[in-house]
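Chain by chain, the residues:
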Amino acid sequence: MYPDHFDKEDLIRCGHGELFPGAMRLPIDEMLMVDRITHVGADDGLYGKGSLVAELDINPDLWFFKVHFESDPVMPGCLGLDAMWQLVGFFLAWSGGEGKGRALGAGEVKFFGQVLPDNKKVTYYLDIKRLIRRKLTMAIADARMEVDGREIYTAKDLRVGLFTSTDDF
């Protein structure tokens, strides 16, 4: 079994395919939207099927503040959503799944706040609702994102699959 927390170096290793067996990788460099995973558990969370908590440190020098938008810098909402998908894939690999991670959709996504350059920390919370381990390895999760302790995004039924081949995807 793997540890229940991971630092940035571990996440970079995952991006290079060096943390888990199989092909699951997190994005690297600017597209890695997580600095650390502070908790991952297999049988906890709202549904008793697993949970994950991760953080991203915010500072005015982050790449997206320079381009989104000029004179009105804000973190793109799609990056927060992508981070939650990234973390569902990470959970799948952490819990023994193998394959290339692919986002498969979401049931409902709501944005009701924003991340600005003067914020300090984004925290992501995932609760795994369902794990499928048959021909397809997939997780369905509910997630929320906070900035400096205030909830600003929610996503229901995030779906991520692990594929041993993406030839027909």
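Before any of the text, the structure's been laid out above.
Residues numbered from 1 in each chain as written. Predicted model: local features only at pLDDT ≥ 70, side-chain atom pairs only at ≥ 80, totals over all residues. Heavy atoms only, no water.

## Here's the deal with the packing of aromatic side chains
The final tally for this structure, using the stated rule, is 8 aromatic pairs. Geometrically, the ring pair formed by Trp63 and Phe64 is edge-to-face, given 5.7 Å between the ring centres and 75 degrees between the ring planes. Using a relative accessible area of 33% as the deciding quantity, one classes Trp63 as partly exposed. A centroid spacing of 5.7 Å and a plane angle of 40 degrees characterise the contact between Phe91 and Trp94, whose relative ring orientation is tilted. Of this pair, Phe91 and Trp94 both sit in helix H3 (residues 77-94), 3 residues apart, roughly one helical turn. The exposure class of Phe91 is buried, given its relative accessible area of 1%. Through a chain of ring-to-ring contacts, the aromatic side chains of Tyr2, Phe6, Phe20 and Phe90 assemble into a single cluster. The positively charged end of Arg144 is found above the aromatic ring belonging to Tyr125, 4.0 Å away from the centroid. (Phe/Tyr/Trp six-rings, centres within 6.5 Å; stacked < 30°, edge-to-face > 60°. Buried < 20%, exposed > 50% of the residue type's maximum accessible area, 1.4 Å probe, protein only. Helix = DSSP H or I, 4+ residues; strand = E, 2+ residues; numbered from the N terminus. Lys NZ or Arg CZ within 6 Å of the ring centre and 35° of its normal.)

## Quick word on the layout of surface pockets
Take a probe with the size of a water molecule and roll it over the atoms, and the empty space left behind shows itself. Each pocket or cavity is described by its volume, and for the largest pocket that value is around 210 Å³. Taken together, 14 residues line the largest pocket, and the ones lying closest to its centre are Met24, Arg25, Gly101, Arg102 and Ala103. At the level of secondary structure, the elements contributing two or more residues to the lining of the largest pocket comprise H3 and strand S3 (100-105). Taken together, the residues that form the lining of the largest pocket break down as 7 nonpolar, 3 polar and 4 charged. Elements that contribute at least two residues to the lining of the second largest pocket include exactly strand S5 (121-133), strand S6 (137-147) and strand S7 (150-163). Considering each element in turn, the lining of the second largest pocket owes the most residues, 4 residues, to S7. Across the lining of the second largest pocket, the residue classes tally to 5 nonpolar, 1 polar and 5 charged. (1 Å grid on protein atoms, 1.4 Å probe; cavity = no way out; pocket = protein on both sides within 12 Å on 5 of 7 lines; lining within 4 Å. Points joined across faces, edges and corners; volume = space filled by probe spheres on them. Nonpolar A, V, L, I, M, F, W, Y, C, P; charged D, E, K, R; others polar.)

## A short note on H3
End to end, H3 covers 26 Å across 18 residues, agreeing with the expected 26 Å (1.5 Å per residue, within 8%). Most of H3 is tucked away, with 16 of its 18 residues classed as buried. Backbone geometry just after H3 places Gly96 at a positive phi near 105 degrees. (Expected span 1.5 Å × (residues − 1).)

## What about the nonpolar core?
The biggest cluster of nonpolar side chains holds 48 residues, and the ones touching the most others in it are Ile37, Leu52, Met75, Phe90, Val115 and Tyr124. Looking at this core, the elements that each hand over two or more residues are helix H1 (8-15), strand S1 (36-41), strand S2 (51-57), helix H2 (63-67), H3, S5, S6 and S7. Tallying contributions element by element places H3 first for this core, with 12 residues. In contact with Val115, other than residues within four places in its own chain, are Ile58, Phe65, Val74, Met75, Val122, Met145, Val147 and Ile152. (Core = buried A, V, L, I, M, F, W, Y, C linked by side-chain atoms within 4.5 Å. Contact = heavy atoms within 4.5 Å.)

## As for the environment of Glu98
Relative to the helices and strands, Glu98 is located in the loop between H3 and S3. Residue class for Glu98 comes out partly exposed when judged on its relative accessible area of 43%. Measuring from C-alpha to C-alpha, the distance between Glu98 and Leu162 comes to 6.4 Å, with 64 residues separating the pair along the chain. When sequence neighbours within four positions are dropped, the list of residues in contact with Glu98 reads Pro21, Gly22, Leu162 and Thr164.

## Focus on the pairing of S7
Pairing of S3 with S7, which is carried by 5 bridges, proceeds in the antiparallel orientation. Looking at the pairing, Lys100 lines up with Phe163 of S7. As judged from the 4 bridges shared by strand S4 (residues 108-111) and S7, these two strands associate in the antiparallel manner. If you follow Glu108 over to S7, its bridge partner there is Lys156. Taken together, S6 and the strand that follows it, S7, pair antiparallel across an intervening segment of 2 residues, in which Asp148 is found at a positive phi of about 50 degrees. (Pairing = 2+ DSSP bridges.)

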